[in-house]
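Chain by chain, the residues:
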Amino acid sequence: MESFTLLTEVPGISFASWDSFRGRFVGVHFHLYSFPEAQAPEARLGHDAVSDILTDLYGQPIRPWEDEEVPPSIWKVNGREIVTHLFTMHESTLMLSVSDEKLATAADAEVVHKTRNPGKNDPAP
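Before going into details, it helps to say that this report is about the structure given with it. Not measured: the values here are computed from a predicted model.

1. Quick word on helix α2 (residues 101-116)
Over its 16 residues, α2 runs 23 Å from end to end, which matches the ideal 22 Å to within 8%, given 1.5 Å per residue. Within the sequence span of α2, burial applies to Leu103, Ala104, Ala107 and Glu110. Projected down its long axis, α2 carries its buried residues within an arc of 125°, all on one side. Pointing more than 90 degrees away from the buried face of α2 are the exposed residues Lys102 and Arg116. Close packing links the buried residues of α2 with β2 (13-21), β3 (24-35) and β6 (92-100). One side-chain oxygen of the residue at the start of α2 lies 3.1 Å from the amide nitrogen of Lys102, identifying that residue as Asp100.

2. A word on the pattern of salt bridges
Under the definition given, this model contains 5 salt bridges. One salt bridge connects Arg44 with Asp48, and the closest N-O pair in it is separated by 3.1 Å. One end of the pair is Arg44 and the other is Asp48, both in helix α1 (residues 41-58) and 4 residues apart, which spans about a single turn. Among the residues examined, Arg44 registers a relative accessible area of 33% and is labelled partly exposed. Note on Asp48: relative accessible area 28%, which makes it partly exposed. Connected through shared salt-bridge partners, Lys76, Glu81 and Glu101 make up one network.

3. Quick look at the pairing of strand β5 (residues 80-87)
Burial within β5 is extensive, with 6 of its 8 residues counted as buried. One ladder, built from 5 bridges, connects strand β4 (residues 73-77) with β5; its direction is antiparallel. Across the sheet, the residue bridging to Ser73 is Thr84, located in β5. Judged from the 8 bridges that link them, β5 and β6 form a sheet pairing that is antiparallel. Residue pairing across strands places Leu86 opposite Leu94, the latter belonging to β6.

Rules used throughout
Residues numbered from 1 in each chain as written. Predicted model: local features only at pLDDT ≥ 70, side-chain atom pairs only at ≥ 80, totals over all residues. Heavy atoms only, no water. Helix = DSSP H or I, 4+ residues; strand = E, 2+ residues; numbered from the N terminus. Expected span 1.5 Å × (residues − 1). Buried < 20%, exposed > 50% of the residue type's maximum accessible area, 1.4 Å probe, protein only. Arc of directions from axis to C-beta. Contact = heavy atoms within 4.5 Å. Polar contact = N/O pair within 3.5 Å; in protein donor to acceptor, adjacent residues only side chain to side chain. Salt bridge = Lys/Arg side-chain N within 4 Å of Asp/Glu carboxyl O. Pairing = 2+ DSSP bridges.

Set out below in structure tokens:
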């Protein structure tokens, strides 16, 4: 798995990156509506607007846990996984990611395998 910073001058994007796994594009990640202070209302408004659009398009999201003020939301669409997560503890930003579900799962599995079996190299497919 490799990660690359995506340089962009699009207003409202404070950070962007993309990932690849064994040379194949996995996904793209953005931090939107970023503000240096905690609990910025503009970040919450941006989160709610993006979530409303995605819910209108793809239905109710999956929420892997509910123990946060605003838990992450996941939509699974056509082999892709769309994730939003609002962070507001120290600074405020909305993370938005779109990734290939199968490739991301394969990359995660390889990381787990290498963590459990350090020093063993897996052959490329």
